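Close look at the chain arrangement
What follows is the residue order along each chain.
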Amino acid sequence: MADVFVLMMIESPGKVPDLARAAGLLGVDTSEMDAAFGVVPIDPENGKYAVQVRADAAAGPRNSADGSSGPYSNPRIEGYSPKEGKR
């Protein structure tokens with residue numbers, strides 16, 4: 001079975017966090033993070049970033065004083081029209 005990841009939000013005012021810093025803010029090991037997804041800026045002027053963490057490592061809902069929150073779903077976005085030739 002493929003790894004299941006959830007979306008987590010972190011706050012890191014100042015410089016853009018790397019994956020290790022994001023993992024530290026969430027209290028998880030970097031091996032629990034989705035390195036291919038990386039750290040995605042959501043509102044960099046306010047230090048808000050998104051990362052993906054293995055669902056079993058996310059350990060329930062967060063909305064803490066350190067600015068981390070989640071988990072959130074991150075569904076795949078696909079088109080609504082039928083595939084070519086299937087009309």
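The present account deals with the structure reproduced in this document. Residue positions are given per chain, counted from 1 along the sequence in the order it is written. With pLDDT at 70 or above as the cut-off, local features in this predicted model cover only qualifying residues; side-chain atom pairs require 80 or more to be listed or tallied, and sums for whole chains, interfaces and linings still use all residues. To get the side-chain values, all heavy atoms of the structure are used, and hydrogens and water are removed first.

Focus: the overall build of the protein
Here is the rule: Helix and strand definitions follow DSSP, with helices as H or I runs of at least four residues and strands as E runs of at least two, each counted in order from the N terminus. Three exposure classes are used, based on accessible area relative to the maximum for each residue type with a 1.4 Å probe and protein chains only: buried under 20%, partly exposed in between, and exposed over 50%. Every residue pair with non-hydrogen atoms within 4.5 Å of one another is taken to be in contact. In this description, accessible areas are obtained by the Shrake-Rupley approach with a 1.4 Å probe, and a residue is regarded as covered only by the protein chains that are shown.
Of the regular secondary structure elements, the protein holds two helices and five strands. Along the chain direction, N to C, the helices and strands of the protein fall in the order β-α-β-β-α-β-β. Out of the 87 residues belonging to the protein, those deemed buried represent 31%. Nonlocal contacts in the protein, meaning residues at least 24 apart in sequence, comprise 55% of its contacts between residues at least 6 apart. Carbon and sulfur atoms make up 52% of the accessible area of the protein, which totals about 6,100 Å².

Looking at the environment of A23
Counting through the fold element by element, A23 comes out in helix α1 (residues 19–26). Between the C-alpha atoms of A23 and I10, which are 13 residues apart in sequence, the distance is 9.5 Å. Residue contacts for A23: discarding those within four places in its chain leaves V28, D29, T30 and M33.

Comments concerning the environment of E45
When you line up the elements, E45 lands in the loop between β2 (40–43) and β3 (48–54). Between the C-alpha atom of E45 and that of G14, which follows or precedes it by 31 residues, the distance is 8.6 Å.

Focus: the pattern of salt bridges
This is how it is decided: Counted as salt bridges are all cases of a side-chain nitrogen of Lys or Arg within 4 Å of a carboxyl oxygen of Asp or Glu.
Under the counting rule described, the total for this entry stands at two salt bridges. Among the ionic pairs, R54 bridges to D3, the shortest N-O distance being 2.9 Å. In this pair, R54 is assigned in strand β3 and D3 in the segment before β1 (5–11), connecting sequence segments 51 residues apart. A residue is classified by how much of its surface remains accessible, and D3, at 47% relative accessible area, is partly exposed. We note a salt bridge from E11 to K48, for which the minimum N-O separation is 2.8 Å. Of this pair, E11 sits in strand β1 while K48 sits in strand β3, and the two are 37 residues apart along the sequence.

Considering α1
Threshold: In this description, one arc is meant: the one made by directions from the helix axis to the C-beta atoms.
Those residues of α1 lying buried are A22, A23, L25 and L26. Angular distribution of buried residues about the axis of α1 spans 160°; they occupy a single face of the element. Positive backbone phi, at 75°, marks G27, one or two positions downstream of α1.

Focus: the pairing of β3
To be explicit about the condition: The rule for pairing is simple: two strands pair if DSSP sees at least two bridges between them.
The buried fraction of β3 is high, at five of seven residues. With seven bridges connecting them, β1 and β3 associate as antiparallel partners. Bridge pairing in β3 links V6 to V53. Bridging between β2 and β3 involves three bridges; their strand directions are antiparallel.

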